[in-house]
Amino acid sequence: MVSKLFRECLMDVYIGEHAGEAAFEVMLSHAEDDEQRYIFGTLLQAETEGKALMRPLISRLGLPLLDPGNTRAETAAATQQFKALPWRDRFAVLGETVRTTYLPRYAELATLVTADEDAEAAKIAQFMGDHERALLALANNVVAGVADPAAPVAAILHFPLARRI
């Protein structure tokens, strides 16, 4: 049986995926070329897959499958400011946000459950931390000008996008 703390953290991570999906949809809508579309599309795919991966566990634990707040709309509105930033600056901000806000909570999830308590929950918790570390690596890669900056995220996707660049 998983703890109340695990359930709360799981919901925070799930809502974080809702926020990420909304943010990357906005960013994708402002992509200027195939490279940007691939990077934002890969980020969007990662958030979608993250939500899909967590849903069976969330359902089994009796937690809400829908975002209980207005996360998507609030995030989409807040993300509009990103379109004015230069390309690398967008990812500097994204990387800092992931590093300071999302990654600590995503990494915490794996500390709140063991495989003995719930093997599926422990596996998902570990993956979600890896997922967020991959997003941070992508952001750092864009800032550093690395070729194929989306590779860390694409590598963890079950359904990666075609790279047409």
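On a predicted model such as this, the values are computed, not experimentally measured, just so you know.

Scoring rules and cut-offs
Residues numbered from 1 in each chain as written. Predicted model: local features only at pLDDT ≥ 70, side-chain atom pairs only at ≥ 80, totals over all residues. Heavy atoms only, no water. Helix = DSSP H or I, 4+ residues; strand = E, 2+ residues; numbered from the N terminus. Rg over C-alpha atoms; globule rule 2.2 N^0.38 Å. Contact = heavy atoms within 4.5 Å. Lys, Arg positive; Asp, Glu negative; His and termini not counted. Charge placed at Lys NZ, Arg CZ, Asp CG, Glu CD. Axes fitted to C-alpha atoms, helices over the stretch in contact; angles between N-to-C directions. Parallel < 35°, antiparallel > 145°, perpendicular 65-115°, else oblique. Left-handed = near helix turned anticlockwise from the far one by under 90°. Buried < 20%, exposed > 50% of the residue type's maximum accessible area, 1.4 Å probe, protein only. Arc of directions from axis to C-beta.

(A) Summary view of the overall build of the protein chain. When helices and strands are tallied, the protein chain shows 6 helices and 0 strands. Relative to the compact-globule value of 15 Å for 165 residues, the protein chain shows a C-alpha radius of gyration of 16 Å, a close match. Each of the three principal axes of the protein chain carries a C-alpha extent, and together these read 45 × 30 × 25 Å. A separation threshold of at least 6 residues defines the contact pool for the protein chain, and within that pool the share at least 24 residues apart is 76%. A gap of 2 Å separates the mean positions of the 16 positive and 23 negative side-chain charges of the protein chain.

(B) Just the packing of helix 1 (residues 4-29) against helix 2 (residues 34-60), in detail. As a packed pair, helix 1 and helix 2 sit with axes 9 Å apart at the nearest point and diverge in direction by 155°. The angle between helix 1 and helix 2 falls in the class roughly antiparallel. You can see that helix 1 and helix 2 cross each other, and the crossing is left-handed.

(C) Looking closely at the environment of Val 143. Mapped onto the fold, Val 143 is located in helix 5 (residues 119-144). It is 9.9 Å that separates the C-alpha atoms of Val 143 and Val 93, two residues lying 50 residues apart in sequence. Residues contacting Val 143, with those up to four places away along its chain left out, are Arg 88, Phe 91 and Ala 92.

(D) Representation of the environment of Tyr 102. With respect to the helices, strands and loops of the structure, Tyr 102 is situated in helix 4 (residues 87-111). By relative accessible area, Tyr 102 is classed as partly exposed at 27%. Distance in space between the C-alpha atoms of Tyr 102 and Leu 112 is 16 Å, their sequence separation being 10 residues. Setting aside residues up to four positions removed in sequence, Tyr 102 forms contacts with Gly 16, Ala 19, Thr 97 and Glu 132.

(E) Representation of helix 3 (residues 71-79) in the model. Listed in full, the buried residues belonging to helix 3 are Thr 71, Thr 75 and Thr 79. Angularly, the buried residues of helix 3 cover 55° about the axis, an arc narrow enough to put them on a single face. Along helix 3, the residues that are exposed and aim more than 90 degrees away from the buried face are Glu 74 and Ala 77. Buried positions along helix 3 lie against helix 1.

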